[in-house]
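Each chain is listed here by its residues.
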Amino acid sequence: MGGSEMIIRNKLCVLKRIFSTWKRRTKVGVIIGIAALTWFAFCLPEPLFHSPTSYVIEDRQGALLGATIADDGQWRFPNTYHVPEKFRDCIITFEDKRFFYHPGIDLLALLRAVKQNLSSGETVSGASTITMQVIRLSRNQNRNLYQKFVEGLLALRLELSYSKNSILALYASNAPFGSNIVGLEAASWRYYGRSPDKLSWGETAALAVLPNAPSLVHPGKNRNLLLQKRNQLLYKLQSAGKIDSTTRSLAMLEPLPEAPLPIPQLAPHLLQRFKKEASPASSTRVRTTILENLQSGITRIVEQHHRHLKGNGIGNICALVVEVESGKTLAYVGNAFHPEEPDLQSHVDIITSPRSPGSALKPLLYAGMLTDGLLLPNMLVPDIPTQIGGYTPQNFDLDYDGAVPASTALSRSLNVPAVRMLRNYKYPRFYDFLKSAGLTTLNYPADHYGLSLILGGCEVTPWDLAGTYASMARILNHATANKGKTLSSDVHPAYYVERTEASDYSPSASKSDYFNFVEPVSLWYMFQAMEEVMRPGEEGLWKQFSSAQRIAWKTGTSFGFRDAWAIGVTPKYVVVVWTGNGSNEGRPGLIGVQAAAPVLFDIVRTLPQSPWFTEPTSAYYPVAVCRQSGFRPTADCIDIDTIQGNVQSIHAPLCPYHSIIHLDQSQQYQVSENCVSPAEMIHKSWFILPPVMEWYYKRKHYGYHLLPPFKPGCANIVMGKSLSFIYPGEGARIYVPREITGQKGRTVFTAAHSKPDIKIFWHLDGNYIGTTVSPHQMDLYPPPGAHTITLVDESGESISRRFYILNGEE
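Throughout, a residue's number is its position along its own chain's written sequence, starting from 1. Given that this is a predicted model, residues contribute local features only at a pLDDT of at least 70 and side-chain atom pairs are listed and counted only at 80 or more, while totals for whole chains, interfaces and linings are drawn from all residues. To obtain the side-chain values, all non-hydrogen atoms of the structure were included, while hydrogens and water were left out.

All right, on to a nonpolar patch on the surface then. Within this analysis, patches are made of residues with over 30% relative accessible area and no salt bridge. Like charges are joined at 9 Å or less; nonpolar side chains (Val, Leu, Ile, Met, Phe, Trp, Tyr) at 5 Å or less. Every accessible area reported is derived by Shrake-Rupley at a probe size of 1.4 Å, with residue values counting cover from the shown protein chains alone. A side-chain nitrogen of Lys or Arg and a carboxyl oxygen of Asp or Glu constitute a salt bridge if their distance falls within 4 Å. On the surface, Y621, V647 and I650 cluster together to form a nonpolar patch covering roughly 250 Å² of accessible area. Numbering of helices and strands runs from the N terminus, with a helix taken as a DSSP run of H or I at least four residues long and a strand as a DSSP run of E at least two residues long. With respect to the element layout, I650 can be found in the loop between β14 (640-645) and β15 (658-663).

Written as structure tokens, this is what we have:
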């Protein structure tokens, strides 16, 4: 019994050891299995491809506008999510006919490849599926048997995470197509100049065989082999029922691609802007708001004018079209693009470059003053020689009108009235207004710009200017829906990246959304005044043509003839044109109406016509105005009109130019109660301008009536200031050049008096020098140095002016 028990005990010990060993091995197996499953679950990198891609911009319909080469020197477009049906049929027929039926590894193809390779003694056939090729392209490693095994596992894993169509898209986006071209989309553009969905069967088949041997496409190298492979694929497509014999025969007649074609560059400056502004984590492809046909048409217009402007040494030009309602950029021509001429600096995107706006901001001052009740639409503004501190503004034609309606001053772009208006409005307030309107390049405090802000003393970009005027038009378009208010959502910059969300505009916005820095009725008057600007060339009589698009427009010319602007606004579109030199070189003839306005109107003619702005009907008040002066009337104004204004308009200034005068029965003389009984007087309202304003005003307004003289024997009654200097201004520094004959030059001093036949006595430095009766002008030859000139009229009224004569060295 002892021997039997020993045997049993030994067997039990063996069984125990076997069980223990099995248990340990099972644990190891489970651990290995879990590790394997974990590896399999997380083995697929995300993202699958890390290679840099080209920056690509498309129009709003997906048409290619331009692309850059990737940072590694490859033409590699970002991954596409759509594979054209032709390419899908071609690549599956050529590479992986059971693609839609295997799990990433084609066992039948694998067995066939093993059999063929063993029978031939060398590798003559492969079994890589499209899924395995995607893995191989993503890993970019030397392939051996182990790597192929890993690729197979990764292919299985890829099939679990991606749909078949997604895997096809990954292959089409990352397969090599010869030279430095990667991906179907880049290959289609480089070899055929079209998008993949527009390729024929022959073209698609030629591209489908390239990833299998991408070196075949080099011009002059293995062309017959490429042709053979393509034609073989076409036969396979016919056999598979994808195409018929006629299609196959025609496709075989198509030529093979030659040398790569250049990628389209329809918006090169927008492309560079996108590349600069794109965040590192975002896609390098963007769908823009651009319309391809409009972009191409405006590029042609810009090039046509650029050829003409180059003859005058004007090398740069840009044009921008923005849709008012949305703010979408419809066309973006940042410069005339000529990289073959580096001296032109055509790579510079002028649309984002700060430039002096010249007079382009004057309409905004007009609207701001109307909104705040400091101005009425046709209020007379002085247009006379003006000196503010050391600043002496001048009109472009170096002339003066004496007094001009504010709307006319805007339509004629007069500088002196604009400066005087800004002085009344205060430049810090206008500075804030411009910032609220969307100008982002006012980088200094308001005091840095001062009054020059209205004449181009700041810098703005065409981009900001287009966004600002689009916002103004948008506010006016929405005035009825917003009940005469301005919504903050209506004021926003233009944009060029297509958005999918709905517009932020809502006519039911709350009061907290109101942003009433400008009133719609003020913008109505602003655009009306801008419409009256005389169009260049044959458009001078544009109103005679019913088909002519109504447009509010403004030009601008910077100091030194360095920048020429033209801005056009319709209810649907804003167009901004700039011409000049990126080097800041000024040129004669570089003025807005000559160099930029013709481009503007050529562009406007290509845009769909639209009805004119609708006059606001909400939140306005009837305002009485004096017909002659444009001010609110006093009791002395007899011709009164009623206009539409805002709540502040009722506080606008009263007319200072109408007074009641007393005439005799013949109405030829003024009289006073000292010589005529009040019962025999005729009391009449008279339009009377101050002397300097009157002196200039009467030259261009023949209907202006001077005050009648006083009847002999009647005492003169002084009605305000009668005597004024026209030239020189206070503190003027005057240089008197010599005449051509070598004689000393002269200076003509000019004064004005409200009484036409009165005598004025002239004194220089206290010495009497002469007497004048209208016109009051005196030729003087003062020596260099400081002087004081004094005028005294017959009634004893006097006025003095200090000035300084410069010598030749000064």
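From this point, things continue past the structure.
Moving on: the nonpolar core. Among soluble globular proteins, nonpolar side chains are generally buried collectively. As used here, the term nonpolar core means buried Ala, Val, Leu, Ile, Met, Phe, Trp, Tyr and Cys residues forming a set that is joined through side-chain atoms within 4.5 Å. To sort residues, take the accessible area from a 1.4 Å probe on protein chains only and compare it with the maximum for the residue type: under 20% means buried, over 50% means exposed, and anything in between is partly exposed. Ranked by size, the top nonpolar core spans 105 residues in total, and within it Y366, F430, M472, M526 and F527 carry the most contacts. Of all the elements, helix α18 (residues 462-477) adds the most residues to this core, at nine residues. When checking whether two residues touch, look at their non-hydrogen atoms; a contact exists if any pair is within 4.5 Å. Once you skip the residues sitting within four places of it in the chain, F430 turns out to touch L361, L364, L365, L422, Y425, L453 and I454. With 55 residues, the next largest nonpolar core counts L48, V83, F87 and F94 among its residues.

Right, let's get into the environment of S188. Within the secondary structure, S188 is located in helix α7 (residues 184-192). In this structure S188 comes out as buried when scored by relative accessible area, which is 0%. For the pair S188 and K198, spaced ten residues apart in sequence, the C-alpha to C-alpha distance is 9.1 Å. In this view, S188 contacts G193, R194, S195, P196, L199 and L207; residues no more than four positions away in its chain are not counted.

A few words now on the packing of helix α8 (residues 201-208) against helix α9 (residues 223-239). α9 packs onto α8 with a crossing angle of 115° between their chain directions and a minimal axis gap of 9 Å. For the pair α8 and α9, the sense of crossing is right-handed. The residues of α9 that touch α8, namely those facing W201, G202, A205, A206 and A208, are L226, R230, L233, L234 and L237. Tallied by class, residues from the contact of α8 with α9 come to eight nonpolar, one polar and one charged. To obtain each axis, a line is fitted to C-alpha atoms, and for helices this fit is confined to the stretch in contact; angles are then taken between N-to-C directions over 0 to 180 degrees. Here is the rule for handedness: rotate from the far helix to the near one, and if that takes an anticlockwise turn smaller than a right angle the crossing is left-handed, while a clockwise turn gives right-handed. Charged means Asp, Glu, Lys or Arg here, nonpolar means Ala, Val, Leu, Ile, Met, Phe, Trp, Tyr, Cys or Pro, and polar covers whatever is left, Gly included.

Looking now at the packing of aromatic side chains. Two numbers describe a pair of aromatic rings. These are the distance of the centres and the angle of the planes. By convention, a stacked pair of Phe, Tyr or Trp rings (six-membered ring in the case of Trp) has centres within 6.5 Å and planes under 30 degrees apart, an edge-to-face pair has planes over 60 apart, and any other such pair is tilted. Considering all chains together, one arrives at 21 aromatic pairs under this definition. Relative to F601, the ring of W553 has its centre 5.0 Å away and its plane inclined at 85°; by these criteria the two rings are edge-to-face. Taken as a pair, W553 in strand β10 (residues 552-557) and F601 in helix α20 (residues 592-606) lie far apart in primary sequence, 48 residues in all. When its relative accessible area of 0% is taken as the criterion, W553 is described as buried. Classification of F601 by relative accessible area gives buried; the value is 4%.

For two strands to be treated as a pair, DSSP must find at least two bridges joining them. Spatially, β17-β19-β22 is the arrangement adopted by the three strands of the open sheet, whose pairing is antiparallel. Only two strands of the sheet have a single partner each, and these edge strands are β17 (723-727) and β22 (776-780). Taking the axes of each pair of neighbouring strands and ignoring which way they run, one obtains an average angle of 25° across the sheet. Note that strand β19 (residues 747-753) and β22 share five bridges and pair antiparallel. Residue A751 lies in a different strand from β22, and its bridge partner there is H776.

This next bit is on the sheet that holds strand β5 (residues 285-287). The pairing of strands in a sheet comes from backbone hydrogen bonds and takes either a parallel or an antiparallel form. The strand order β2-β1-β5 describes an open sheet built from three strands, whose pairing is mixed. At either margin of the open sheet sits one strand with a lone partner, and together these are β2 (64-67) and β5. Neighbouring strand axes in the sheet, compared pairwise and without regard to direction, differ in orientation by 15° on average.

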